[in-house]
Each structure stands twice: as C-alpha cells, then as structure tokens.
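Close look at the chain arrangement
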Amino acid sequence: MKRMLIVVAASLVLSVPTALAVPPAGKGKPESPGNSAAAPGQSAEKNAAKKCKALRGTTAGSTSAFKEQYGTNANKANAFGKCVSAMEKKAESAEATENAAKKCKAERELSVTAFKTKYGTNANNANAFGKCVSAAVKKATA
C-alpha cells in the first residue's frame, strides 16, 4: 500500500510540470520569418508588424542595419514604427492597384473602342488599360 502511494505521488509530481509546460493546441508555436501571410480577419497592421519583426532580426548586426534602413530620428529608435507604416502603405497601394485593374477591366469589357478612345494616349491607343489603372490608383490613393 505504501509503495503504491509513493508511486502515485511520484508520478503526480513528475507529470504536473510537464503538463504545465505543454502549450494548448495551436498556441505557442514559434513564429517563422517566412510565415507572414495574414490569417483571415487579421488586420494589415498586424501583418506589417510581423514582417517588420522578421526584418529586424535578433542579432545586433541585423538590428542596427534595420535601424539604419528605417530609422529617421537622431538615435534611429523610431525604425520599427516607420517600417510598419511603410509596409502598410505598400499593402494599401497593392490593394488599390488590384481594385483599379478590376474596375478598368470591367469598363473595357463594356466597349473596347470607347475604352481605348477614352484612356489611350499613343498612336493606336494600345496603352489605354495602363492609363486607366494609373488614373484609378491615383484617384483611390488621393
């Protein structure tokens, strides 16, 4: 009886720390630098912060290079915020371009000749789609 009690007590003592050390399923997984895609419903800001964190790195050399590239004040301490801001702008610009291209494609499908006449600027108006997208992006980001 005493042996069984000792065995049970010993197993409890040994199993409690390991149970506490194991994170719940899906939690506590290490973040890999290449895994920066936004999860459904995740904000662009959070995704940009992940990218900047990966760019910043963990070594002294990578951190100082990151600060040199993105920092703008005297001690370059604002580098992370500037990086996040730049990444967000880049994402917004890419989204605006994609939306503009979709709008221009839809407009072009209505009447190709009218579309080329409206937006084209070269001899055969072949640059109409690019001009349309450019104008739509400028309008969207203004």
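Structure report, in brief. (Residues numbered from 1 in each chain as written. Predicted model: local features only at pLDDT ≥ 70, side-chain atom pairs only at ≥ 80, totals over all residues. Heavy atoms only, no water.)

Across its full length, the protein holds six helices and zero strands. Each helix and strand of the protein, placed in order from N terminus to C terminus, yields the pattern α-α-α-α-α-α. Out of the 142 residues in the protein, the part that is buried amounts to 15%. Sequence separation of 24 or more characterises 41% of the internal contacts of the protein that already satisfy a separation of 6 or more. Counting every atom, the protein has about 10700 Å² of accessible surface; 61% of that belongs to carbon and sulfur. (Helix = DSSP H or I, 4+ residues; strand = E, 2+ residues; numbered from the N terminus. Buried < 20%, exposed > 50% of the residue type's maximum accessible area, 1.4 Å probe, protein only. Contact = heavy atoms within 4.5 Å. Areas by Shrake-Rupley, 256 points an atom, 1.4 Å probe, with all protein chains shown as cover.)

What follows is about the packing of helix 4 (residues 79-110) against helix 5 (residues 112-119). Contact pair helix 4 / helix 5: the axes reach a minimum separation of 5 Å and the direction vectors enclose 125°. Put simply, helix 4 runs oblique to helix 5. Where helix 4 approaches helix 5, its residues Cys104, Glu107, Arg108 and Leu110 are matched on the opposing element by Val112, Phe115, Lys118 and Tyr119. (Axes fitted to C-alpha atoms, helices over the stretch in contact; angles between N-to-C directions. Parallel < 35°, antiparallel > 145°, perpendicular 65-115°, else oblique.)

This part is about the state of the cysteines. Think of a disulfide as a covalent bridge from one cysteine sulfur atom to another cysteine sulfur atom. Using the criterion set out here, one finds two disulfides in the structure. At a sulfur-sulfur separation of 2.0 Å, the disulfide partner of Cys52 is Cys83. On the S-S bond that ties Cys52 to Cys83, the torsion sits near -95°, and the link is left-handed. Remark: Cys83 occurs in helix 4 and Cys52 occurs in helix 2 (residues 44-56); sequence separation between them is 31 residues. Taken individually, Cys52 and Cys83 each receive the classification buried, so the pair is uniform in this respect. (Disulfide = S-S within 2.5 Å.)

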